[in-house]
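Observations on chain architecture
Given next are the chains, with one letter for each unit.
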Amino acid sequence: MSFRGCEICKRPLEPQRLEHPTTRLCNEHHEAIQKYGGEFVRATHTENLGKAGSLKKNFGGVSVRMQRNELAIARLREDYERGKQQ
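Read on for a plain summary of the structure. Just so you know, these numbers come straight off a predicted model, no measurement behind them.

Side-chain pairs of opposite charge can arise whenever the charged atoms involved come near each other. Throughout the structure, instances matching the rule amount to eight salt bridges. Taking the shortest distance from any N to any O, the salt bridge between Arg24 and Glu7 comes out at 3.4 Å. Placement of the pair is Arg24 in the loop between helix H1 (15-18) and helix H2 (27-32) and Glu7 in the segment before H1, with a sequence separation of 17 residues. Look at Glu7 and you get buried, because its relative accessible area is 15%. We note a salt bridge from Glu7 to Arg77, for which the minimum N-O separation is 2.9 Å. Remark: Arg77 occurs in helix H3 (residues 70-85) and Glu7 occurs in the segment before H1; sequence separation between them is 70 residues. Connected through shared salt-bridge partners, Glu7, Arg24 and Arg77 make up one network.

Structure below.
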């Protein structure tokens, strides 16, 4: 297994955080990012099963995928850098 460090503070991720393969934040920063909406946001897409060119909409299922909340990570990084300068 390769080293995974926190995207904000560069410390190694705790074992329980390593269980989540997509996370890049340590426990401390995982908690802190909640005030900005969390590390991930859900993006949904409704499938349209109607024929091409048809005005009738025949909606199928909804797919949901998790996207990294880049704005929240940027804000958290700014907070961290500001805290180091004080």
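Following the structure, the description resumes.
For Ala74, the location among the structural elements is in helix H3. Ala74 sits 41 residues away from Ile33 along the chain, and the two C-alpha atoms are 10.0 Å apart.

In terms of polar contacts, Glu7 uses its side chain to reach the side chain of Arg77, at 2.9 Å. In contact with Glu7, other than residues within four places in its own chain, are Arg24, Leu25, Ile73 and Arg77.

About the cut-offs
- Residues numbered from 1 in each chain as written.
- Predicted model: local features only at pLDDT ≥ 70, side-chain atom pairs only at ≥ 80, totals over all residues.
- Heavy atoms only, no water.
- Salt bridge = Lys/Arg side-chain N within 4 Å of Asp/Glu carboxyl O.
- Helix = DSSP H or I, 4+ residues; strand = E, 2+ residues; numbered from the N terminus.
- Buried < 20%, exposed > 50% of the residue type's maximum accessible area, 1.4 Å probe, protein only.
- Polar contact = N/O pair within 3.5 Å; in protein donor to acceptor, adjacent residues only side chain to side chain.
- Contact = heavy atoms within 4.5 Å.

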